[in-house]
Amino acid sequence: MPFMEFLAGSVSGALGLAVGHPLDTVKVRLQAQSVYTGIIHCMSKTYSNEGLHGFFKGMAFPVLTTGITNAVVFGSYSNALDYLTQSQHSDRDQGKPASAAQVFAAGCFSGLMQVCVYAPIDLVKVRLQGQTTVQRYRGPVHCVAVILNEEGPKGLFRGGLAIALRDIPCYGLYFLPYEVTRKALTESGKEPGTFAIMMAGGMAGVLTWAFATPMDVVKARLQMSGAGGREYTGVLHCMRVSYREEGVRVFFKGLLLNSLRAFPVNAVTFLSYERLMRMYCPPAR
């Protein structure tokens, strides 16, 4: 049932985002701004200048829209895997697993499908999170209006190429360790339990962000370009300037935070998705 796969992805995405947003705010500020010496310094400055509210800047918009993004990701992945394996989600839980190549290909397809939906949403989130003392945007709607007025519709896709370069291969990697770990932690012939799903989801998130962080740094810097941040002409220019000024370590800014955030966020996301799929699309007896 394709609709239920999209619905389950929508709900699970919103739950996962709510868990990880405060750490995501710190991560974005570390990547896009060079004024912080580390995680603790960024957290202390954010709290002293903005209070707890500062950690939740930009959360309302992605929470309201993450349903669309995650629905596209999980719906595209599940339906692509159904097509590639000529089976259903419930069949794969009953001992008919997909091959690694099929999982990777379906994951890459889901990453491609979500880029057009995700790019404008993430841009607004990053712009709002990047605000510290100067309040350039009053909220998500005002942020969209300012971007359209100053840069036109293409401004909403600033950093889109970096997102595509990050997400298309990384979503292939995202689902692959999940499927492998979940299978390893599940007894043959049985449905995966809560522990297996949460461990598999957490591990998938951590491993994926280990590969995704370098391009995530580039994405954040490109998105803040034009909003008070350093101006870059494109992905390669951003990479060259960042490397020249800060060395190779710049591409791993936020890696620790990404890893700490990724485990609980993706454990919750996959558990919610699997439980909803099991509830609405139970396996045949």
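Residues numbered from 1 in each chain as written. Predicted model: local features only at pLDDT ≥ 70, side-chain atom pairs only at ≥ 80, totals over all residues. Heavy atoms only, no water.

Trainee: How do you make sense of the nonpolar core when you look at a structure like this?
Mentor: General note: in soluble globular proteins, nonpolar side chains tend to be found buried as a group. Formed by 19 residues in total, the largest nonpolar core has its most connected members in Phe-74, Tyr-174, Phe-175 and Phe-270. At the level of secondary structure, the elements contributing two or more residues to this core comprise helix H3 (60-85), helix H5 (100-129), helix H7 (160-184), helix H8 (194-224) and helix H10 (255-280). Broken down by element, the residue count for this core peaks at 5 residues, all from H3. Sequence-distant contacts of Tyr-174, defined by excluding residues within four places in its chain, comprise Phe-74, Ala-204, Gly-205, Thr-208, Asn-266 and Phe-270. Counting 10 residues, the second largest nonpolar core, distinct from the first, contains Ala-162, Tyr-232, Cys-238 and Val-241. (Core = buried A, V, L, I, M, F, W, Y, C linked by side-chain atoms within 4.5 Å. Buried < 20%, exposed > 50% of the residue type's maximum accessible area, 1.4 Å probe, protein only. Helix = DSSP H or I, 4+ residues; strand = E, 2+ residues; numbered from the N terminus. Contact = heavy atoms within 4.5 Å.)

Trainee: What exactly am I supposed to notice about H10 here?
Mentor: Residue pairs spaced three or four apart in an α-helix point in one direction, given the helix's 3.6 residues per turn. An ideal rise of 1.5 Å per residue puts 38 Å on 26 residues; H10 measures up with 36 Å between its terminal C-alpha atoms. Along H10, the sharpest change in direction is near 30 degrees and occurs at Ala-262; proline Pro-264 comes one to four residues later. (Expected span 1.5 Å × (residues − 1). Bend = angle between axes of the 7 residues up to and from the residue.)

Trainee: Got a minute to help me understand a nonpolar patch on the surface in this structure?
Mentor: Side chains of Phe-109, Leu-112 and Met-113 sit close together on the surface and give an oily, nonpolar patch of about 250 Å² of accessible area. Within the secondary structure, Phe-109 is located in helix H5. (Patch = residues over 30% accessible without salt bridge, like charges linked within 9 Å, V, L, I, M, F, W, Y side chains within 5 Å. Areas by Shrake-Rupley, 256 points an atom, 1.4 Å probe, with all protein chains shown as cover. Salt bridge = Lys/Arg side-chain N within 4 Å of Asp/Glu carboxyl O.)

Trainee: I tried to follow the packing of H3 against H7 on my own but got confused; where do I start?
Mentor: Geometry of a packed helix pair, given as the angle between the helix axes and the separation of the axes. Relative to each other, H3 and H7 sit at 70 degrees, their axes nearing to 12 Å. With respect to their mutual orientation, H3 and H7 come out roughly perpendicular. Every pair of crossing elements has a handedness; the one defined by H3 and H7 is right-handed. In this structure, H3 contributes Val-73, Phe-74, Tyr-77 and Leu-81 to the contact, and H7 contributes Tyr-171, Tyr-174, Phe-175 and Glu-179. (Axes fitted to C-alpha atoms, helices over the stretch in contact; angles between N-to-C directions. Parallel < 35°, antiparallel > 145°, perpendicular 65-115°, else oblique. Left-handed = near helix turned anticlockwise from the far one by under 90°.)

Trainee: What is the right way to look at the packing of aromatic side chains in this model?
Mentor: Each aromatic ring pair is summarised here by two numbers: the centre-to-centre distance and the angle between the ring planes. Applying the stated rule across the entire model yields 10 aromatic pairs. Seen in terms of ring centroids, Phe-74 and Tyr-273 are 4.5 Å apart; in terms of plane orientation they differ by 35 degrees. Their pairing is tilted. With Phe-74 in helix H3 and Tyr-273 in helix H10, this residue pair connects regions lying 199 residues apart in the sequence. Using a relative accessible area of 2% as the deciding quantity, one classes Phe-74 as buried. Residue Tyr-273 is classed as buried on the basis of its relative accessible area of 4%. A connected cluster of aromatic rings, assembled from ring pairs, spans Phe-74, Tyr-77, Tyr-171, Tyr-174, Phe-175, Tyr-178, Phe-270 and Tyr-273. (Phe/Tyr/Trp six-rings, centres within 6.5 Å; stacked < 30°, edge-to-face > 60°.)

Trainee: Before we go on, may I ask you to explain the packing of H5 against H8 in this structure?
Mentor: For the pair H5 and H8, the least separation of the axes is 9 Å and the interaxial angle reads 75 degrees. Here H5 lies roughly perpendicular to H8, going by the angle between them. In contact with Ala-119, Asp-122, Leu-123, Val-126 and Arg-127 of H5, H8 contributes Lys-219, Ala-220, Gln-223 and Met-224. Looking at side-chain class alone, the contact of H5 with H8 contains 5 nonpolar, 1 polar and 3 charged residues. (Nonpolar A, V, L, I, M, F, W, Y, C, P; charged D, E, K, R; others polar.)

Trainee: What should I look at first to understand H7 in this one?
Mentor: Here H7 is 25 residues long and its end C-alpha atoms lie 36 Å apart, about the 36 Å a rise of 1.5 Å per residue gives. Of all the bends in H7, the greatest measures close to 30 degrees and is centred on Cys-170.

Trainee: Got a minute to help me understand the environment of Met-239 in this structure?
Mentor: Inspection of the secondary structure puts Met-239 in helix H9 (residues 235-246). A sequence separation of 24 residues divides Met-239 from Met-215, and the C-alpha atoms of the two residues are 9.0 Å apart. For Met-239, the contacting residues outside a window of four places in its chain are Val-218 and Phe-251.

Trainee: Quick question: what am I supposed to make of the state of the cysteines here?
Mentor: Among covalent bonds in proteins, the disulfide is the one between the sulfur atoms of two cysteines. Overall, the coordinates contain 0 disulfides when judged by the stated rule. With no disulfide of its own, Cys-170 lies closest to Cys-108 among cysteine sulfurs, the gap being 9.1 Å. (Disulfide = S-S within 2.5 Å.)

Trainee: Can you walk me through the confidence of the model for the protein chain in this structure?
Mentor: Detailed reading of the predicted coordinates is not advisable wherever pLDDT falls low. Confidence along the protein chain averages 84 in pLDDT terms, with 88% of residues attaining 70 or more. By mean pLDDT, helix H4 (residues 89-93) is the weakest element of the protein chain at 60, and H9 is the strongest at 93. (pLDDT = per-residue confidence, 0-100.)

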